[in-house]
Amino acid sequence: MSGGSGERLLEELVRTAQLASPAELPVVLNRYAEAIGLGRAVIYLVDIQQRLLVPLAEGEPALELDTSLAGWAYRTNSLRVEEGHSGGLNVWLPLADGAERLGVVELNMTTLDALKLRRCRTTALLLALIITSKRTYSDTIAQRMRTRPMHLPTEMVRAFLPPRSIGTGRVVSTAVLEPAYELGGDAFDHAFTEDVLHATILDGMGHNLASGIATSVAMAGCRNARRSEADLDELAGTVDEALAQWLPEQFCTGVFAQLHMPTGVLRWCNCGHPPPLLIRRHRLLPNALERPPEPPLGLPASLAGTARQVHDVSLEPGDRILLYSDGVVDSRDEAGEEFGLERFTDYIIRSTAAGQSAPEALRLLIHAILEHRHNKLSDDATILMFEWQPPDP
C-alpha cells in the first residue's frame, strides 16, 4: 500500500470516527485497520479503579491489568508484541492523551515492519484523542469503565472531577480517589493556566449527600475564582463565602496550590487540611511545607477575622509534592494498625526509585491502601501528586 493511500485512509478514519457513536467506534476502527494492513483491532478501556482493561465492544473478555501483556503496555506506557495463537502477531499499544492513561488497543497482523509500526502508533495516538473527546458526553464509555453501580453522592462529585492525570513537558499532576463507588466528600482538581499548574484537594465534612454537595460547591467556587484570575487568598475567600452563604452548616478542609512551571516556585494556602509533603532526591523532607494551621473552609472573612495566609517555596527539579486526605494515613486494618504517614511516603519513594511514573506509583499506592483495609475503607482516601521536572537548559 502506498503512503498516499495510507494517508487517505487515515483521513477517512478521523472523519468517520468523529461522526460515530462510541458503540460504532470499534467497527470504524476495524474497517480502517484491516484496510491499512493492521488486521483486527480491539479497544480496551481501563476501569475507574485501574484494575481491569475492559473491551469497549461487547463480546471480548476483560483483562487483568496487573498480570496481562495488555496491562504491561498500560502500566509502562509502551508497546508490546507477542506471537498470536494462529501464528500472527498481537501488538498492544497504550492509549494515552498526554499524561492521562485511557487503556490499550490490540492490533493483529501477520508481519510488522517500520511502516506498519508507525501506522500503529499514529492510530493509537488519534484513537486516544477521539476517545477523550467522546467520553465527555458518552454514557456508554462511562458504563464500560464501571464494574458495579455507583452511589448518588459519588456520581455527583465525580461529575466535577477532571481527568486523573494531566501534564506538560515541565510537570505531571496525577490523582487517585477511593472508595470509587461509595465516595463521600473528598475531591481533587488540577488545571493549567498560562505557565501555572493549579492543584486542589478537598475533604467535605461527613460522608453523605450533604458533604458531596459542599465539596461540589467548593470545587465550583475554586474554579470560578481561578478563571477570574484571583490570587490564592481571594480564591480561598470565594470558597469561604460560597459555603457560608449556601451551606452554612457545612465545612470543608482543603489545600489550594499553584506551581509556576518555568521557575518552580510553589505557592499554597492550607485551610485546616493535612500539610503538603515534599519528596526530594528519594527522601521525605520532614515538615518542609508545614505552616501554622488555618481554619476550615466555610467561614466568611467577617467571622474568620483574618485573611487566608499564602506561603511559598522554591522547588528543585525532580521534586514531588503530595496532597492527601486524612483517610489515607488514618486507614486501619482489622488489628487496628494505621497505614501511617511513614508507610505512605515510603511507598512513593520506593516507586520513584524503581523508575515508575507518577500515575503508576499512585495506582499501586491506592491499591496497597485498599488491601490494608481489605477493600473496605472507613473514610475517603484521596492523593494528588505533582512532579516538577523542567527540561534541561
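Given the structure is predicted, the values throughout are model-derived calculations rather than measurements.

Quick notes on the sheet that holds strand β17 (residues 381-388)
Item 1. Here we have six strands laid out as an open sheet, ordered β7-β8-β17-β16-β13-β14, and antiparallel in their pairing. Single-partner strands in this sheet number two, and they are β7 (165-167) and β14 (283-284).
Item 2. Examined bridge by bridge, strand β8 (residues 171-178) and β17 share eight bridges and lie antiparallel to one another. By the bridge assignment, alanine 175 is partnered in β17 with leucine 384.

What to know about the sheet that holds strand β4 (residues 80-83)
Item 1. Sheet architecture is open: six strands sit in the order β3-β2-β1-β6-β5-β4, paired in antiparallel fashion. Edge positions in the sheet fall to β3 (63-64) and β4, since each has one partner strand and no second.
Item 2. Along the sheet, helix α2 (residues 25-35) contacts β1 (41-46) and β6 (100-109); its crossing angle with β1, the most-contacted strand, is approximately 140 degrees.

Concerning the side chain of arginine 164
Item 1. With respect to the helices, strands and loops of the structure, arginine 164 is situated in the loop between α6 (152-160) and β7.
Item 2. One buried charged side chain, arginine 164, makes no salt bridge at all; its nearest oppositely charged neighbour is glutamate 100, positioned 4.6 Å away.
Item 3. Within the structure, the side chain of arginine 164 is placed 3.5 Å from the backbone oxygen of isoleucine 48, a separation counted as a polar contact.
Item 4. Setting aside chain neighbours within four positions, we find arginine 164 in contact with Val46, Ile48, Gln50, Tyr74, Glu100, Arg101, Ser173, Thr174, Ala175, Phe188 and His190.

Points about the nonpolar core
Item 1. In terms of nonpolar packing, the biggest core is built from 45 residues, with Leu243, Phe256, Leu259, Leu266, Leu297, Ile321 and Phe386 touching the most fellow members.
Item 2. Listed in part, the 35 residues of the second largest apolar core include Leu13, Ala124, Ala128 and Met150.

Quick word on the state of the cysteines
Item 1. In total, this model carries zero disulfides according to the counting rule given.
Item 2. The structure places no disulfide on cysteine 252, whose sulfur is separated from the nearest cysteine sulfur, that of cysteine 271, by 10 Å.

Observations concerning helix α4 (residues 114-135)
Item 1. Taking 1.5 Å per residue as the helical rise, α4 with its 22 residues ought to reach 32 Å, and the 32 Å between its terminal C-alpha atoms agrees with that figure.
Item 2. Buried within α4 we find Lys116, Arg119, Cys120, Thr123, Ala124, Leu127, Ala128, Ile130, Ile131, Thr132 and Lys134.

Re the pattern of salt bridges
Item 1. Applying the stated rule across the entire model yields 20 salt bridges.
Item 2. The closest approach of N and O atoms between arginine 320 and glutamate 387, which form a salt bridge, is 3.5 Å. Of this pair, arginine 320 sits in strand β16 (residues 320-324) while glutamate 387 sits in strand β17, and the two are 67 residues apart along the sequence. Neither arginine 320 nor glutamate 387 differs from the other in exposure class; each is buried.
Item 3. Three or more residues are tied together by salt bridges with common partners; here these are Asp66, Arg101, Glu360 and Arg363.

What about the packing of aromatic side chains?
How two aromatic rings sit relative to each other is set out by the distance from centre to centre and by the angle between their planes.
Item 1. For the structure shown, the criterion picks out two aromatic pairs.
Item 2. Between tyrosine 44 and tryptophan 92, the aromatic rings sit 5.8 Å apart at their centres with planes inclined by 50 degrees, giving tilted as the arrangement. One end of the pair, tyrosine 44, is in strand β1; the other, tryptophan 92, is in strand β5 (residues 89-97), and 48 residues separate them in sequence.
Item 3. Given the relative accessible area of 3%, tyrosine 44 is considered buried.

Focus on helix α7 (residues 209-227)
Item 1. When the terminal C-alpha atoms of α7 are compared, their 27 Å separation across 19 residues agrees well with the 27 Å that a helix rising 1.5 Å per residue should span.
Item 2. Those residues of α7 not exposed but buried are Ser211, Gly212, Ala214, Thr215, Ser216, Ala218, Met219, Gly221, Cys222, Arg223, Ala225 and Arg226.
Item 3. Residues of α7 that are buried in the fold lie against α6, β9 (186-193), β10 (196-204), α8 (232-246) and β11 (252-260).

Conventions we followed
Residues numbered from 1 in each chain as written. Predicted model: local features only at pLDDT ≥ 70, side-chain atom pairs only at ≥ 80, totals over all residues. Heavy atoms only, no water. Pairing = 2+ DSSP bridges. Helix = DSSP H or I, 4+ residues; strand = E, 2+ residues; numbered from the N terminus. Contact = heavy atoms within 4.5 Å. Axes fitted to C-alpha atoms, helices over the stretch in contact; angles between N-to-C directions. Buried < 20%, exposed > 50% of the residue type's maximum accessible area, 1.4 Å probe, protein only. Lys, Arg positive; Asp, Glu negative; His and termini not counted. Salt bridge = Lys/Arg side-chain N within 4 Å of Asp/Glu carboxyl O. Polar contact = N/O pair within 3.5 Å; in protein donor to acceptor, adjacent residues only side chain to side chain. Core = buried A, V, L, I, M, F, W, Y, C linked by side-chain atoms within 4.5 Å. Disulfide = S-S within 2.5 Å. Expected span 1.5 Å × (residues − 1). Phe/Tyr/Trp six-rings, centres within 6.5 Å; stacked < 30°, edge-to-face > 60°.

In short, shape yes, function no, at least from these values alone.
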